[in-house]
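Okay, here's what each chain looks like letter by letter:
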Amino acid sequence: MKGKRIILGVSGGIAAYKTPQLVRLLKKAGADVRIALTASGSRFVSELALATVSGESVCREMFPPADQPGTDFTRHISLGEWADALVIAPATANTLARLAVGMCDDMLSACFITLRPHKPVLIFPAMDGQMYRSPAVQRNIATLAAQGCTIIEPETGDLASGQCGTGRMPEPEIIAGRIGAALQKSATGSPLSGRTVVVTAGPTREKIDGVRFISNYSSGKMGFALAEAARERGAEVTLITGPVNLETPGGVERLDVENACEMYEAAKPFYSTCAVFIAAAAVADYRPETPHEGKLKKNSPEMQLKLVRNPDILADFGARKRPGQLAVGFALETGEGIAYARCKLQEKNLDLVAFNTFDRKTSGFEVDTNALTLIDRNHMETVLPLMPKKEAARRLLDHVELLMGDPAANMTTEK
Ligand code: C5P
């Protein structure tokens, strides 16, 4: 973000109180930040606070006083031309509507209109959950998205109304991360664009008899989020999934499998062709040796199941991967397991491993959020805070993109 010029548009929602912190983060990352504050925005956050953290006077009035020497009388044009990106956070229902119809009566809307073409516009809608779901707001969001703006869906949680719903603005750290990624992409284009990415997701079911199986709590949400995020970056994505209850992300090819052996057979044809293989599936390590045909009867006090090892899909890919291909795995542990995750990186010849713990409340299986620690082949460890799985997927792909641009990629072991 160093040297990047960002306009932060702040409109009048309660989340505006978080924007001085966002400005601090952007400044710390080396960005030059100017603020376009709407009249309602100034009711929620003080102009002085924003001016102090940005080191610049805040732009509010469209029409500057006519009698002050040195005034830029056309700053409603020059500011938009100056910027590398426009970020609107929070974007209220009113601001979304005004931008969607092309109003131009304050500095924020003027910047939106005068921003040079192809510069990223990131919009973070934030409002009451019911307002967010309303047809009018959704229509305006669709209009802005069709113009090429990136709309970042608000988070679900406690709202100012005291209700719980979707409408919360993401935390400043997450917003700053999205801005960094958008600027990087606009400068270079995503290295994933046009490349083949294979993602395994969900649990496997290993048949015991005609009606029972061995499985785990995996919901597939992390893998599906990764497939969606890779697709957003222009990758050709194949998603190989065990039984889950999720909709296929748009533009993603989906292959449904039941057990580990089927997942292995479905993945193999991609080994030689894919650029990135991401194993997010919770594959059962063992399967019953000989599944019973019909339903097993309970006619003895004990029963023993003989289990045999399943193929390790990721280890198999890692062992055969060619120079330039990337293998990414997950290490889900119930306690302290980071040392185990580091070993897995070596043993399976991975480029990146995402370590996460499992508590069934905030991270790991089933839930919508995850806290990942990314460990890469250069021993770099990145601890990500708890965040929605969709965001965690983007952060993981940011790291994959970094590794794709790393010359050491061509030195990965070929076996
Ligand atoms: O060895 P462990 O099961 O802990 O490794 C987990 C990682 O390996 C995950 O990325 C998982 O998708 C992958 N894996 C696999 N095939 C298996 C077991 C795990 O691809 N049979």
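Structure: above.
Residues numbered from 1 in each chain as written. Predicted model: local features only at pLDDT ≥ 70, side-chain atom pairs only at ≥ 80, totals over all residues. Heavy atoms only, no water.

> A description of the site of the ligand should follow, citing residues and the corresponding values.
Neighbouring residues of the ligand: 13 residues in total, closest A279, A281, P311, F330 and K344. Within the side chain of K348, a nitrogen or oxygen atom sits 2.9 Å from an oxygen atom of the ligand. For the ligand, whose accessible area on its own is 450 Å², the fraction buried by protein is 87%. In a pocket analysis with a 2 Å cut-off to the grid points, the ligand is assigned to the second largest pocket. (Near = heavy atom within 4 Å. Polar contact = N/O pair within 3.5 Å; in protein donor to acceptor, adjacent residues only side chain to side chain. Areas by Shrake-Rupley, 256 points an atom, 1.4 Å probe, with all protein chains shown as cover. 1 Å grid on protein atoms, 1.4 Å probe; cavity = no way out; pocket = protein on both sides within 12 Å on 5 of 7 lines; lining within 4 Å. Sits in = over half its atoms within 2 Å of the grid points.)

> Tell me about the layout of surface pockets, and please be specific about residues and values.
Remark: the empty space left among the atoms is shown by a probe the size of a water molecule rolled over them. If you add up the space inside the largest pocket, you get close to 1,400 Å³. Counting only elements with at least two residues in the lining of the largest pocket, the list comes to strand 4 (121–125), strand 5 (150–151), strand 6 (155–158), strand 7 (164–168), helix 9 (172–188), helix 10 (221–232) and helix 14 (389–404). Within the lining of the largest pocket, the residues separate by chemical class into 22 nonpolar, nine polar and 18 charged. Here the lining of the largest pocket spans two domains, and each of domain 1 (5–188) and domain 2 (196–293 + 301–410) adds at least three residues to it. By volume, the second largest pocket amounts to about 980 Å³. (Points joined across faces, edges and corners; volume = space filled by probe spheres on them. Helix = DSSP H or I, 4+ residues; strand = E, 2+ residues; numbered from the N terminus. Nonpolar A, V, L, I, M, F, W, Y, C, P; charged D, E, K, R; others polar. Domains from an automatic or database assignment.)

> Which residues make up unusual backbone geometry, and what values go with them?
Geometrically, the link from A89 to P90 is a cis peptide bond, its omega value of -5° lying close to zero. Positionally, P90 belongs in strand 3 (residues 85–91). The backbone of N349 shows a phi angle near 55°, a positive value even though the residue is not glycine. Looking at the secondary structure, you find N349 in the loop between helix 13 (338–347) and strand 17 (352–357). One non-glycine residue with positive phi stands out, namely H379, at about 65°.

> Give a description of the sheet that holds strand 19 (residues 373–376) that names residues and reports values.
Read across the sheet, eight strands follow the order 12-11-8-13-16-17-19-20 without closing on themselves; strand pairing throughout is mixed. The open sheet has two free edges, formed respectively by strand 12 (253–256) and strand 20 (381–383), since each of these has just one partner strand. Neighbour-to-neighbour, the strand axes of the sheet open up by a mean angle of 15°, direction not taken into account. Across the sheet, helix 14 is in contact with strand 13 (276–279), strand 16 (326–333), strand 17, strand 19 and strand 20; its angle to strand 16 comes to roughly 145°. (Pairing = 2+ DSSP bridges. Axes fitted to C-alpha atoms, helices over the stretch in contact; angles between N-to-C directions. Contact = heavy atoms within 4.5 Å.)

> Any chance you could break down the sheet that holds strand 5 for me, citing the residues and the numbers?
As summarised here, the arrangement of the five strands in space is 2-1-3-4-5, forming an open sheet in which the pairing is parallel. Of all the strands in the sheet, the pair left with one neighbour each is strand 2 (32–37) and strand 5. Here helix 4 (residues 75–82) sits on the sheet and contacts strand 1 (5–10) and strand 2; the angle it forms with strand 1, its principal contact strand, is near 125°.

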